[in-house]
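Reading the structure
Letter by letter, the chains look like this.
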Amino acid sequence: MSGWVNEPLSGREDACKFAQTYLIPYLKVAKDCTKSSSSDCDYERKNLRNDTIGDSTWCSYYLADGSYFALVPSGDYLLNVIIDANGHKKPNVLGYDILKYRIGTKVDAANKGLLDIQWTGFGSNSACDTGGNGADCSALIMKNGWKIPTEDDYVRLGGDKEKYPYKSLY
């Protein structure tokens, strides 16, 4: 990461250039969705509140294992990384099979590398609960030792048992 670009990133072109330079050479890419208009590249994704997320301007790829990832610039030296573990197969919901992280790219950034989306806590707009949109679920999984929390873990970490988001999936 010490050799990564040290300039602001903006737009799809910068995100794709970053991916082609620093990520794609190390991944088994099955399909480059930035060069394809097939229906499995542009499929409906929702958040925990059932709002549609994403758009066709993402720099996105399918990997050989069927997972999907996209890069979206998010501020000067940050890229959002959207990972759908099972690609276009259901449920396609942020916080379930879709997780959101960030990559910091600035050479002198304290947290350069993979970052969670900033933890905003339970009950917030981004919360990993039935009232939030699910963006914090990646942070919650990181806080739980990289394991999807059980209902007991969720309560131990401060969540409301009644709003536990994984009941219907796990």
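Now for a description of the structure that goes with this document. (Residues numbered from 1 in each chain as written. Predicted model: local features only at pLDDT ≥ 70, side-chain atom pairs only at ≥ 80, totals over all residues. Heavy atoms only, no water.)

1. Considering the pattern of salt bridges
Just so we agree on the cut-off: Salt bridges are identified by distance alone: a Lys or Arg side-chain nitrogen within 4 Å of an Asp or Glu carboxyl oxygen. Secondary structure follows DSSP: runs of H or I at least 4 residues long count as helices, runs of E at least 2 residues long count as strands, and numbering of each begins at the N terminus. In this scheme, a residue with accessible area under 20% of its type's maximum is buried, one over 50% is exposed, and one in between is partly exposed, where area comes from a 1.4 Å probe on protein chains only.
Tallied over the full model, the rule gives four salt bridges. Among the salt bridges present, the one from Lys 161 reaches Glu 151, with a minimum N-O distance of 3.5 Å. Of the two residues, Lys 161 is situated in the segment after α3 (151-156) and Glu 151 in helix α3; the sequence distance between them amounts to 10 residues. Residue Arg 156 is joined to Asp 153 by a salt bridge in which the shortest nitrogen-to-oxygen separation is 3.3 Å. Taken as a pair, Arg 156 and Asp 153 lie in helix α3 at a separation of three residues, close to a single helical turn. For Arg 156, a relative accessible area of 54% gives the class exposed.

2. Some points on the pairing of strand β4 (residues 59-63)
Consecutive side chains along a regular strand alternate between the two faces of the sheet. Threshold: Criterion used throughout: strands pair if DSSP finds at least two bridges between them.
Across the five residues of β4, five count as buried, placing the element largely inside the fold. Side chains Cys 59, Tyr 61 and Leu 63 of β4 all project onto a buried face; the interleaved residues Ser 60 and Tyr 62 project onto the opposite face, where all are buried too. One ladder, built from three bridges, connects strand β1 (residues 29-32) with β4; its direction is antiparallel. Following the sheet pairing, Val 29 is matched in β4 by Leu 63. Direction of pairing for β4 relative to strand β5 (residues 68-73): antiparallel, over a ladder of four bridges. Following the sheet pairing, Tyr 61 is matched in β5 by Phe 69. Once β4 ends, the chain turns through four residues before running back antiparallel as β5, passing Gly 66 with a positive phi of about 95°.

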